[in-house]
Amino acid sequence: MKAIRRFTVRPVLPEPLRPLSDLARNLRWSWHAETRDLFQSVDPERWAASNGDPVRLLGSVSPERLAELAEDRRFLRRLTAAVDDLNDYVRGDRWYQAQSAELPAAIAYFSPEFGITAALPQYSGGLGILAGDHLKSASDLGVPLIGVGLLYRHGYFRQSLSRDGWQQETYPVLDPNELPVGLLRETDGTPAQVSLALPGGRSLHARVWLAQVGRVPLLLLDSDVEENDLGERGVTDRLYGGGSEHRLLQEMLLGIGGVRAVRTYCRLTGHSDPEVFHTNEGHAGFLGLERIAELCDRGLDFDSGLEAVRAGTVFTTHTPVPAGIDRFDRELVARHFGPDAELPRIDVERILRLGMETYAGGEPNLFNMAVMGLRLGQRANGVSLLHGNVSRGMFSGLWPGFDADEVPITSVTNGVHAPTWVAPEVFRLGARQIGVQRTEDAFTVGGSERWDAVATIPDQDIWELRRVLREQLVVEVRERLRASWRQRGAGSAELGWIDGVLDPDVLTIGFARRVPSYKRLTLMLRDRDRLLDLLLHPERPVQIVVAGKAHPADDGGKRLIQELVRFADDPRVRHRIVFLPDYGMAMAQKLYPGCDIWLNNPLRPLEACGTSGMKAALNGCLNLSVLDGWWDEWFQPDFGWAIPTADGAATDPDRRDDIEAAALYDLMEQRVTPRFYERGQSGLPDRWIEMVRQTLTLLGPKVLAGRMVREYVERLYAPAALAHRAMDAESARELAAWKARVRGAWHGVSVDHVETSVATTTAELGTTLTLRVRVGLGDLGPDDVEVQAVSGRVDSEDRITDATTVPLKSTGGADLDGRWVYEGPLSLDRTGPYGYTVRILPAHRLLASGAELGLVTSPSEDVVEGAGLLMR
């Protein structure tokens, strides 16, 4: 029989145990081993049954056991110590509070998903895990972040397999009352609520749930409330579900509703208002519109409000392909804004202009969320050096006239939260070397170039650690594989073979991630005979653990999973290769430490960063990867192997896969497996252990989320806060008026004549030329522009590479023709083909970049012909 109504019955904890509830409600337990150990000691069996979720644990412990613990002095001392430690962590000064720079009082961080812990399943993949690690590291560093997201009642789907290996999805209902969250409440005790206006006089209401992530509050908006009609209740039903209008409403609620939730939270708690707003991918881009509307309500016009909002906004793009960006039909967006819908006081055309692809190669009828993010954010970044380069090329249409490398998108390479992803055994080995506190600091704050303490760990200890982790993975894999086969319909009598799956002494390869086609899950199957030889080699076998989810609407991805599952079902190899369904955080925390090799073979350069290999590296796992994302940036032969790529434009996709798969097999046969199995005089794989040691020593400090968050603070948050403070109402009006004037007058700007003090086409290294440039500024003056000399080596097509820019100075007033003369030195500091040009850019003290307006004037062809611009 099905219940007609569901309740959550909370336990009544004895008074001495009440602090357990506080510990359970702060998600710091998810990365704090001592707190987890405390909860495990409450009832080890129920802890295991609750999958390590303290809220579920406390809801299932018997009253008798609670009464027993309330009298247990040793347990109560441990409880007091854990509570004191949490209070010190939450209230004490940390890295951020020790900085001398003028840092923002608060930063609001918006993301459509957050992977904090398996007990709060509000993530689908890397974007959410990255967001969760960002919050945790901000907490460890004391950064005053406020996280903002949505609470999905079905989360992302649970994955299982049919008998023939086809992915099946289920969407379990999540009751927030059973999650480690609590309602944000008004002072009178009623739930706090935000509302959005919808077309036709309807409204979308949402409550705000609060998850406490260490020091960082995470606000999660939930539309499943009684005040909504059935359609509106379903807006936050599931992550990345529904059609275009559904997604648009989710993103309006995240961005617009999210700002309103932040304002409510700050009003109710006294938390400082954010000076910086950071949008993690374009999904939350509408937050900028809400902030403009707030300023318009205070008397600013739209353009001035836009400048004020841009100053304090940071936008991070995570996708290297246009297809990965949310784009909506122009008319759909227009219908949801304006007099009869949301933000009624703002002209709909102004809103549309922020997201329309009004540039060469764009589709003018589509509203692009990433384009809006870039237009609303004065600072933007990609998530690895290579991805920054790709992003500058992908979005260069927004800055016409500028080389791609001048597009104002920088890079902050992702990192991972070590306390979440490092196995306890690895932490204990570090603590044995340098102590618990220093190990915690190394993992959370980072800052050192090397972890030299690893050098003194004996080879035997490293090798024993790796075997222990591998053995734990074997146990985990067998349990999950047995559960998967039972779901696929197998009986217990059929599954005796699972007891022989994997071997703790065999080289273990891990491959786990989402399953879009570009990540090439099945590249390893390209030549099945060679793969069989690797798996079944009599002296140097390998074993492979694979996991990953395809998007529910991606049948191509599901076919890839089915192909791999069918191969892994083959009785000849099923003890050596397994596919584990329902990849998530709980599985990942066992998988990364237990593997010897982490395999990654995407189509380059389609992996923006990819952080799973970072998590593996922190546990002493070596990477075997295409040079894409972070691996392109930090690969060294000490850390693993680079799979050669065949990414020339003329290479057929099938042939490319053949070439790169062959390179993968070659690496495995000739270099990877021999290195693992060869033994030195000590009887240990000395060369392999040295690679593990170098990975931990040199790569470990780089891949930390602590390093990443410190970079965000120093390079993006602090400058954004300074720009926000400088952009008061008067300054915003000034800048908006100046931009309008410059855009209107730019057609009158010209470079009329260029001459140098040397007329020949050769010169000696170290020579300094004098450049003299005559320009027309039309209705603008010298204070509105910067005239620059741009010089550097030139390629075969006379394009300047590795350019240096030097501002030229005005020599006086305008001549009788209204022209201005600029002069300056040009130092020839490089040999070989060398060239220069000049250009004029808009200049204003409040601009973050000379490219900000996308306006630039260079010499015409006639001027170039007479200027002698190249020297060889």
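Residues numbered from 1 in each chain as written. Predicted model: local features only at pLDDT ≥ 70, side-chain atom pairs only at ≥ 80, totals over all residues. Heavy atoms only, no water.

Asks: With reference to specific residues and values, describe the overall build of the chain.
Replies: A count of helical and extended segments in the chain gives 29 helices and 28 strands. Overall, the chain is about 95 × 70 × 50 Å in size when its C-alpha atoms are taken along their principal axes. Looking at the chain as a whole, 57% of its 872 residues qualify as buried. Long-range pairs, those at least 24 residues apart, make up 73% of the contacts in the chain between residues at least 6 apart in sequence. Element-wise, carbon and sulfur atoms account for 49% of the exposed surface of the chain, whose accessible area totals about 35,500 Å². (Helix = DSSP H or I, 4+ residues; strand = E, 2+ residues; numbered from the N terminus. Buried < 20%, exposed > 50% of the residue type's maximum accessible area, 1.4 Å probe, protein only. Contact = heavy atoms within 4.5 Å. Areas by Shrake-Rupley, 256 points an atom, 1.4 Å probe, with all protein chains shown as cover.)

Asks: I'd like a description of the sheet that holds strand E22 (residues 768-776), backed by residues and values.
Replies: Working definition: the strands of a sheet are paired by backbone hydrogen bonds and lie parallel or antiparallel to each other. Strand order in the open sheet formed by four strands is E21-E22-E26-E25, and the pairing between neighbours is antiparallel. Both edges of this open sheet fall to strand E21 (750-756) and strand E25 (809-810), since each of them pairs with a single strand only. Where E25 lies against strand E26 (residues 819-827), two bridges are found, and the strand directions are antiparallel. Paired with Lys-809 across the strands is Glu-823, a residue of E26. (Pairing = 2+ DSSP bridges.)

Asks: Run through the confidence of the model for the chain, naming residues and quoting values.
Replies: The predicted structure's coordinates, where accompanied by low pLDDT, should not be read in detail. Summary statistics for the chain give a mean pLDDT of 93 and a share of 97% for residues scoring 70 or more. Counted against residues more than four places away or in other chains, residues 868-872, with its pLDDT under 50, gives 24 contacts. (pLDDT = per-residue confidence, 0-100.)

Asks: Go over the sheet that holds strand E16 (residues 542-547) with me, naming the residues and quoting the values.
Replies: Spatial ordering of the open sheet is given by E17-E16-E15-E18-E19-E20, a layout of six strands whose pairing is parallel. The two strands at the open ends of the sheet, each matched to only one other strand, are strand E17 (577-580) and strand E20 (640-643). Direction aside, the axes of adjacent strands within the sheet are offset by 20° on average. The sheet contact formed by strand E15 (residues 507-512) and E16 spans six bridges and is parallel. Bridging across to E16, Phe-511 finds its partner in Val-546. Contacts from helix H19 (residues 459-487) reach E15, E16 and E17, with the element oriented near 60° to E17. Sitting on the sheet, helix H25 (residues 653-677) is in contact with E15, E16, strand E18 (597-600), strand E19 (622-626) and E20, with an inclination near 165° to E20. (Axes fitted to C-alpha atoms, helices over the stretch in contact; angles between N-to-C directions.)

Asks: Hey, could you go over the state of the cysteines for me, with residue numbers and the actual values?
Replies: Tallied over the entire structure, the rule returns zero disulfides. Cys-595 forms no disulfide, and the closest cysteine sulfur to it belongs to Cys-621, at a distance of 5.7 Å. (Disulfide = S-S within 2.5 Å.)

Asks: Requested: an account of the packing of aromatic side chains, with residues and values cited.
Replies: Under the criterion given, the structure shown has 21 aromatic pairs. Measuring from centroid to centroid gives 5.5 Å for Phe-443 and Trp-451, while their planes differ by 65°, and the two rings are edge-to-face. Of the two residues, Phe-443 and Trp-451, neither departs from the other in class, the shared state being buried. Stacked on the ring of Phe-511, the Lys or Arg Arg-513 has its end atom at 4.4 Å from the ring centre. Arg-574 extends its terminal NZ or CZ atom over the ring of Trp-497, reaching a point 4.1 Å from the ring centre. (Phe/Tyr/Trp six-rings, centres within 6.5 Å; stacked < 30°, edge-to-face > 60°. Lys NZ or Arg CZ within 6 Å of the ring centre and 35° of its normal.)

Asks: Lay out the pattern of salt bridges in plain terms, naming residues and giving numbers.
Replies: Under the criterion given, the structure shown has 66 salt bridges. Put simply, Arg-725 and Glu-275 hold a salt bridge, and the shortest N to O gap is 2.7 Å. Separated by 450 residues along the polypeptide, Arg-725 in helix H27 (residues 705-726) and Glu-275 in the loop between helix H9 (244-269) and strand E9 (276-280) bring together distant segments of the chain. By relative accessible area, Arg-725 is classed as partly exposed at 32%. The salt bridge partner of Asp-752 is Arg-819, with a shortest N-O separation of 2.4 Å. Here the residue Asp-752 occupies a position in strand E21, and Arg-819 occupies one in strand E26, the gap between them amounting to 67 residues. (Salt bridge = Lys/Arg side-chain N within 4 Å of Asp/Glu carboxyl O.)

Asks: Break down the pairing of strand E27 (residues 834-842) for me, citing the residues and quoting the values.
Replies: Of all nine residues in E27, eight are buried, a share of seventy percent or more. Here nine bridges tie strand E23 (residues 785-794) to E27, and the two strands are oriented antiparallel to one another. Residue pairing across strands places Ala-789 opposite Val-838, the latter belonging to E27.

Asks: Go over the pairing of E26, please, and point to the residues and values.
Replies: As paired strands, E22 and E26 are joined by nine bridges and run antiparallel to one another. Each residue of the ladder has a partner; that of Thr-768, found in E26, is Ser-827.

Asks: I'd like a rundown of the environment of Ile-325, residues and numbers included.
Replies: The residue Ile-325 is located in the loop between strand E10 (313-316) and strand E11 (327-329) in this model. The contact partners of Ile-325, leaving out residues within four places of it in the chain, are Thr-319, Asn-368, Met-369, Ala-370, Met-394 and Phe-395.

Asks: Summarise helix H14 (residues 369-376); cite the residues concerned and give the values.
Replies: With seven of eight residues buried, H14 lies mostly within the body of the structure. Looking at H14, one finds that the buried residues are Met-369, Ala-370, Val-371, Met-372, Gly-373, Leu-374 and Leu-376. Where H14 starts, the residue carrying a side-chain oxygen 2.9 Å from the main-chain nitrogen of Ala-370 turns out to be Asn-368. (Polar contact = N/O pair within 3.5 Å; in protein donor to acceptor, adjacent residues only side chain to side chain.)

Asks: Quick rundown of the packing of H25 against helix H26 (residues 686-699)? Include the residues and the values.
Replies: Orientation of H25 relative to H26, taken along the N-to-C sense of each, is 105°, at an axis distance of 6 Å. As the angle between them shows, H25 and H26 are arranged roughly perpendicular. In this structure, H25 contributes Val-672, Arg-675 and Phe-676 to the contact, and H26 contributes Arg-687, Trp-688 and Met-691. (Parallel < 35°, antiparallel > 145°, perpendicular 65-115°, else oblique.)

Asks: Go over the side chain of Gln-250 with me, naming the residues and quoting the values.
Replies: As for its placement among the helices and strands, Gln-250 is situated in helix H9. Once residues within four sequence positions are removed from consideration, Gln-250 is found in contact with Leu-150, Tyr-152, Val-235, Thr-236, Asp-237, Arg-238 and Tyr-240.

Asks: Residues and numbers for the nonpolar core, please.
Replies: One finds Leu-507, Met-524, Ile-597, Leu-624, Trp-641, Met-668 and Trp-688 to be the most contacted residues of the largest nonpolar core, which totals 108 residues. Non-local contacts of Ile-597, meaning those with residues more than four positions away in its chain, are made with Leu-507, Thr-508, Ile-509, Gly-510, Cys-621, Leu-622, Leu-624, Trp-641, Val-672 and Trp-688. Val-148, Tyr-265, Phe-277 and Val-775 belong to the second largest nonpolar core, which has 96 residues in total. (Core = buried A, V, L, I, M, F, W, Y, C linked by side-chain atoms within 4.5 Å.)

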